[in-house]
Amino acid sequence: MIVRRRRLVPAALTAGVLLCALPVPAAQAAETFPAPASGAWTVTGRGYGHGYGMSQWGAQSRAVAGQGYRQILEAYYPGTTAATRADRTVRVQLSRFSGPEVFLETRSAAPLRVGDRTVPQGQRLRVTWDGAALVLTAFLPGWQEVWTERWTTVPTVTGDDGVWVEHLDGSGNRYAGRISFPLSTPVTPINTLSLEGYLLGVVPRESPAWFAPEALKAQAVAARSYALSTLRAPSSAYDICDTEACQVYRGAAARTAAGEVTDLQPAATTAAVRATAGEIREHAGAPAFTQFSSSNGGWSATGSKPYLRAAEDPFSSPAGKVPQDTVAGWTAQLPVSTVASRCPAGGQPRALSITRRDGNGEWGGRITELVVRCTTGDATLSGASVARFAGALRSSWWDVVPGGTAQIDATWRALGAAAGPLGAPTGPVWALPQVEGSYQLFQRGSIYWSPRSGAHAVRGAIRDRWGALGWEGSYLGFPTTDETAVRGGAFNHFQGGSVYWSPATGAHAVRGLIRDRWASLGWETGFLGYPTTDEVALPGGAFTHFQGGSVYWSPATGAHVVRGAIRDAWARQGWETGRLGYPTSDEYDVPGGKRSDFQGGSITWTPAGGAVVTTR
């Protein structure tokens, strides 16, 4: 159970009044964040990827700190041991080129060979599927056909300087080894080469070449072990894929459509592969399933193997990372529209509720279950990757930054920060679960924020009264001013009214047309003075008592002041439930005295005769 709200302030003074202790709301089982009006939740997170096994940035931090590659691997795969395996061939599915057609060519004097045919420099080989066979056609520039053949057996293309596999626009990659094509659609090339040659194209895609040599060696061993532990059955068309679903593999070089060529196998990563040739991590006599990700953010996650354990990793944390690491900690926007895809029946999100975490690290760790609360019902999402929303976020270890965090901080600083009336913060900014808004507690009060009201301080007896009425969920809503000192007391305005305080009267809420009438008479400086009650509902109306009288309101009569001897006489008649009903005027002058009109008559006061009731 995750407690998100603690509204109780230990003690506070406002205008000399001790803050009363209010009950602490019950702990909530979920962190709930209403859908923001801005259209996106601001999220702060830790790490990049699933967090299983080795953190690549953590490996770099460890290498910079002096750890060797085997020490790094032992830390991330505890219980595994170093072992060796002989080189072998692997078949890599080049899924990034899968489609209705694939183009091959050589860009050197060495031609491509396929069966008895050759494709010299300056020609391109197009491979398509006609429904029953692969169709191979060689073209000169301008699409001048040189030859074409149909293949009902798997064609294999080789070249002494490798094979360029390309899209129609000429962009593509050069691969060592040979390229073949299964007899199927879509047309998907398979690159067959040695395991060590494959790693030359993997390690630089998984770790930057400028990483420390020991970090690159750790990556080479992990990549080699991972490949051997995940090879598909020999009956499959391929052994491993070229994407993040396996390991990223891009071959030896890349070419843009404009003809710019980039070498994809830097000397540093090549050296790491060759320095660790054949070395793997082994567990129970088999290659270990050495999963890895960019960053675990300071805690690894529990994986599917005994050596994939959750453990604190200071070398991958925001505090212990190398300076270049930008993913140990991050912020991002999570669009409401992205989350809406999880709502049933095309609904729209009302809120996100984080209901379960793994318990490791800040905020309670990685999210393992959340609920999207939608206009069409709730959708519960469970699993290790659900909280990434199909890659919209870098990891499942995140928390929503409550809206208004910056505004709350600015208000606190404008009030004098820790030296001001609120004192120092006693906790973080918390999001409110039922309405878009947030708050932060301080030693002597709180600051509340919502998109419409802004960020404002409320404290002392005024805060107590607001809390007793239901906080922002009451008719008062959010504060729209800070606590403001006035003659003899203080007030806060709220979205739905005001709370005024004085030592003699305490704190009371006043609102609506009653407040408007009181304001027209000079607020607390007028003859009515401070309120002595909150607004009190009556059958057909409402009233607020003040030091110098009362304001009564009904829909039929509006809001009017009644006071003194006239009010006393009206009270003896049964207030608004008597035959006089509600007042229809304020007190006004008549010859020799004062009068107030009511629905059922009037009361006239003179010094000689006192208050005289006249009924209709």
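Residues numbered from 1 in each chain as written. Predicted model: local features only at pLDDT ≥ 70, side-chain atom pairs only at ≥ 80, totals over all residues. Heavy atoms only, no water.

Student: Explain helix α5 (residues 267-275) here, please?
Tutor: The periodicity of an α-helix, 3.6 residues per turn, causes residues three or four places apart in sequence to face the same way. Burial in α5 covers these residues: Thr269, Thr270, Ala272 and Val273. Along the axis of α5, the buried positions cluster into a sector of 160°, meaning they face one direction only. The exposed residues of α5 that point more than 90 degrees off its buried face are Ala267 and Arg274. Of the surrounding secondary structure, the elements contacted by the buried residues of α5 are α3 (195-206) and α4 (213-230). (Buried < 20%, exposed > 50% of the residue type's maximum accessible area, 1.4 Å probe, protein only. Helix = DSSP H or I, 4+ residues; strand = E, 2+ residues; numbered from the N terminus. Arc of directions from axis to C-beta. Contact = heavy atoms within 4.5 Å.)

Student: What is the right way to read the pairing of strand β44 (residues 601-606) from this model?
Tutor: In summary, the side chains of a regular strand alternate between the two faces of the sheet. Direction of pairing for strand β43 (residues 593-598) relative to β44: antiparallel, over a ladder of five bridges. The residue of β44 that forms the bridge with Phe598 is Gly601. Where β43 folds back on β44, the antiparallel hairpin that results is connected by two residues. The pairing of β44 with strand β45 (residues 610-615) spans six bridges and is classified as antiparallel. In the strand pairing of β45, Ser602 is matched with Thr614. Between the antiparallel neighbours β44 and β45 lie three residues. (Pairing = 2+ DSSP bridges.)

Student: Hey, could you run me through the nonpolar core in this one?
Tutor: A general feature of soluble globular proteins is that nonpolar side chains tend to end up buried together. By size, the foremost hydrophobic cluster in this structure holds 39 residues, and its most contacted members are Leu104, Val165 and Tyr198. It is α3 that contributes the most residues to this core, six residues altogether. Beyond its immediate stretch of four places on either side in the chain, Tyr198 contacts Val90, Val92, Leu193, Ala227, Ile240, Cys241, Gln247 and Tyr249. In this structure, Met54, Ala218, Ala272 and Leu308 belong to the second largest nonpolar core, which totals 25 residues. (Core = buried A, V, L, I, M, F, W, Y, C linked by side-chain atoms within 4.5 Å.)

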